[in-house]
Amino acid sequence: MKIITTPAEMQAAAQTLRREGKTIGFVPTMGFLHEGHLSLMRLARGRCDVLVASIFVNPTQFGPNEDLDAYPRDFDSDEALCRETGVDLLFYPTPETMYLEGHSIWVDEDSLSGMLCGAARPGHFRGVCTVVTKLLNIVLPDFMVLGEKDAQQLRVLRRMVRDLNIPVDIVSGPTVREADGLAMSSRNKHLSPEERAEAVCLFQGLEKAKSLFAAGERDAAVLKAAVREVIEKTSGTVDYIEIVDDESLQNFQPLETRHAGDVKPSLIALAVKFSGARLIDNAVLSK
Ligand code: AMP
């Protein structure tokens with residue numbers, strides 16, 4: 001595995017590989033890798049000649065009062081995990097080489113970014129769209145693998161690639177969970193032992209909504225209240241619990257029939273704040 005730290009060197013390597021006719025698969029991450037990230041790398045590994053992973057804690061997607069400085073980092077462990085998982089090129093740039101002095105071009109998604117995490121984190125998706133555009137221009141992958149854990153990010157980036165005609169396929173991988181159901185996340189490290197035990201409430205809330213839905217419940221207010229009840233038994237504070245149309249991410253009285261017997265899928269998504277970390281999770285409700 002080769003570690004590359006500058007955009008110019010990474011882009012030159014990618015151009016050479018493309019000229020040689022090699023298929024490049026790409027998994028972008030912010031590091032502090034866990035099994036969720038590794039599952040995406042394995043998914044990509046099986047479909048490409050050359051696997052590129054990136055580790056970049058992107059400053060522009062963090063708000064002024066967010067956890068940029070506290071974001072967990074462990075490059076030595078990440079490097080070993082990438083090596084074991086079959087990464088060929090690990091792109092590990094500095095913020096200074098990614099954002100040159102006077103950087104002034106941004107990629108702004110205008111519709112799906114306003115709600116859910118976008119409402120709670122203004123500017124977040126502008127930072128995500130900008131950095132992913134840059135990474136795609138640097139790594140030149142045939143496909144990029146993203147996790148379903150970040151449901152809104154996945155939908156925003158699919159839209160970006162479509163609307164900007166970016167020549168890359170997006171492949172998604174399912175959310176990898178701890179044994180009790182908590183979605184793996186680099187931020188879980190910041191939970192106290194008590195909060196870690198309580199954090200399973202996001203998964204439990206979603207499971208409750210899914211079972212009510214399976215039993216025929218179609219009222220968004222009832223489903224959301226059921227999730228809230230589970231969260232409110234813990235020290236976590238609900239940031240949002242929303243049921244939205246899976247495609248437009250607009251709030252939506254869910255689950256109405258589109259054609260006879262065909263239920264339009266909804267996304268149920270939530271964010272919960274603990275003292276150490278803000279956690280997100282989601283599930284798709286469909287028949
Ligand atoms: P991050 O390092 O948190 O920015 O995540 C990098 C990529 O890994 C994103 O595509 C995430 O959606 C994905 N990811 C993060 N956590 C998980 C998980 N528990 N299961 C599957 N994918 C994940």
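Every chain's residues receive numbers from 1 upward, in the order its sequence appears when written. Reporting in this predicted model follows two pLDDT cut-offs: at least 70 for local features of residues, and 80 or more for side-chain atom pairs to be given and counted; totals over whole chains, interfaces and linings ignore these cut-offs and use all residues. Only hydrogens and water are set aside; all other atoms, that is, all heavy atoms of the structure, feed into the side-chain values.

The secondary structure content of the protein amounts to 10 helices and 11 strands. The globule rule puts the C-alpha radius of gyration for 287 residues at 19 Å, and the 19 Å found for the protein is close to it. Viewed in the frame of its principal axes, the protein has a C-alpha envelope of about 55 × 45 × 40 Å. The buried share of the protein, reckoned over its 287 residues, is 51%. By definition, residues are in contact when any of their heavy atoms lie within 4.5 Å. Across the protein, the fraction of contacts at a sequence separation of at least 24, relative to all contacts at a separation of at least 6, is 73%. A run of H or I in DSSP counts as a helix once it spans at least four residues, and a run of E counts as a strand once it spans at least two, with each numbered from the N terminus. To get the radius of gyration, use the C-alpha atoms; to get the globule rule, take the number of residues to the power 0.38 and multiply by 2.2 Å. The cut-offs for exposure are 20% and 50% of the maximum accessible area for each residue type, with area from a 1.4 Å probe on protein chains only; residues under the lower value are buried, those over the upper are exposed, and the others partly exposed.

Take the sheet that holds strand 5 (residues 143-147) next. Criterion used throughout: strands pair if DSSP finds at least two bridges between them. Strand order in the open sheet formed by 6 strands is 1-4-3-2-5-6, with parallel pairing between adjacent strands. Both edges of this open sheet fall to strand 1 (2-4) and strand 6 (169-173), since each of them pairs with a single strand only. Here the strands of the sheet are splayed against their neighbours by 25° on average, with no regard to which way each runs. Two elements, strand 2 (residues 24-29) and strand 3 (residues 50-55), share 6 bridges in a ladder whose sense is parallel. Following the sheet pairing, Ile24 is matched in strand 3 by Val50. In the packing of helix 2 (residues 35-45) onto the sheet, the strands contacted are strand 2, strand 3, strand 5 and strand 6, and the crossing angle to strand 5 comes to about 150°. Every axis in this analysis is a line fitted to C-alpha atoms, fitted for helices over the stretch in contact. Angles between the N-to-C directions lie between 0 and 180 degrees. This element, helix 3 (residues 75-85), spans strand 1, strand 3 and strand 4 (89-91) of the sheet and lies at about 150° to strand 4.

Now for the site of the ligand. Nearness of a residue to a molecule or strand requires only that one of the residue's heavy atoms be within 4 Å of it. Around the ligand sit 17 residues in total, of which His37, Gly147, Asp150, Val176 and Met184 are the nearest. Polar contact criterion, stated in full: a pair of N or O atoms within 3.5 Å, where within protein one must be able to donate a hydrogen and the other to accept it, and residues adjacent in sequence count only if both atoms are side-chain atoms. Within the backbone of Met30, an N or O atom sits 2.9 Å from an oxygen atom of the ligand. The protein chains shown are the only cover counted for residues, whose accessible areas, like all others here, come from Shrake-Rupley with a 1.4 Å probe. Contact with the protein chains covers 93% of the free accessible surface of the ligand, which is 490 Å². When residues of the shell around the ligand are traced back to their parent elements, those giving at least two are strand 2, helix 2 and strand 5.

All right, on to the domain arrangement of the protein then. Assigned domains within the protein: domain 1 (2-173) and domain 2 (186-285). Where each domain begins and ends is defined by an automated method or by a domain database. The straight-line distance from the C-alpha centre of domain 1 to that of domain 2 is 26 Å. Each side of the interface is counted separately: domain 1 has 23 residues, and domain 2 has 19 residues. Buried area is calculated as the accessible area (1.4 Å probe) missing from two parts once they are joined, with the contributions of both summed. Buried area between domain 1 and domain 2, summed over both chains or domains, comes out near 1700 Å², and the portion from carbon and sulfur atoms is 58%. Area buried by domain 1 at its contact with domain 2 is led by Leu116, Lys149 and Arg155, which between them contribute 33% of it. Should a side-chain nitrogen of Lys or Arg be within 4 Å of a carboxyl oxygen of Asp or Glu, the pair is scored as a salt bridge. Linking domain 1 with domain 2 are 2 salt bridges, by the criterion used here. With its nearest N and O atoms 2.8 Å apart, the salt bridge here joins Asp67 to Arg187.

Attention now moves to the sheet that holds strand 11 (residues 278-285). Strand order in the open sheet formed by 3 strands is 7-10-11, with antiparallel pairing between adjacent strands. Edge positions in the sheet fall to strand 7 (237-245) and strand 11, since each of these pairs with one other strand and no more. Neighbour-to-neighbour, the strand axes of this sheet turn through a mean angle of 10°, independent of strand direction. Strand direction decides the pairing type here: strand 7 and strand 10 (residues 266-273), joined by 8 bridges, are antiparallel. Its bridge partner lying in strand 10, Tyr240 is registered against Ala271. Of the strands in this sheet, strand 7, strand 10 and strand 11 touch helix 10 (residues 220-231), which is tilted by about 155° from strand 7.

Right, let's talk about the pairing of strand 11 for a bit. Extensive coverage of strand 11 is indicated by the burial of 7 of its 8 residues. Pairing between strand 10 and strand 11: 8 bridges, direction antiparallel. Note that in strand 11 the partner of Leu270 across the bridge is Asp281. If you look at the hairpin formed by strand 10 and strand 11, you'll find 4 residues sitting between the two strands.

Below, the discussion takes up the environment of Thr60. Along the polypeptide, Thr60 turns up in the loop between strand 3 and helix 3. Judged by its relative accessible area of 22%, Thr60 is partly exposed. Considered as a pair, Thr60 and Phe125 are 65 residues apart in the sequence and their alpha carbons are 9.2 Å apart. The residues touching Thr60, leaving out its near neighbours within four places in the chain, are Tyr99, Trp106, Gly123 and Gly127. At 2.9 Å, the side chain of Thr60 forms a polar contact with the side chain of Tyr99.

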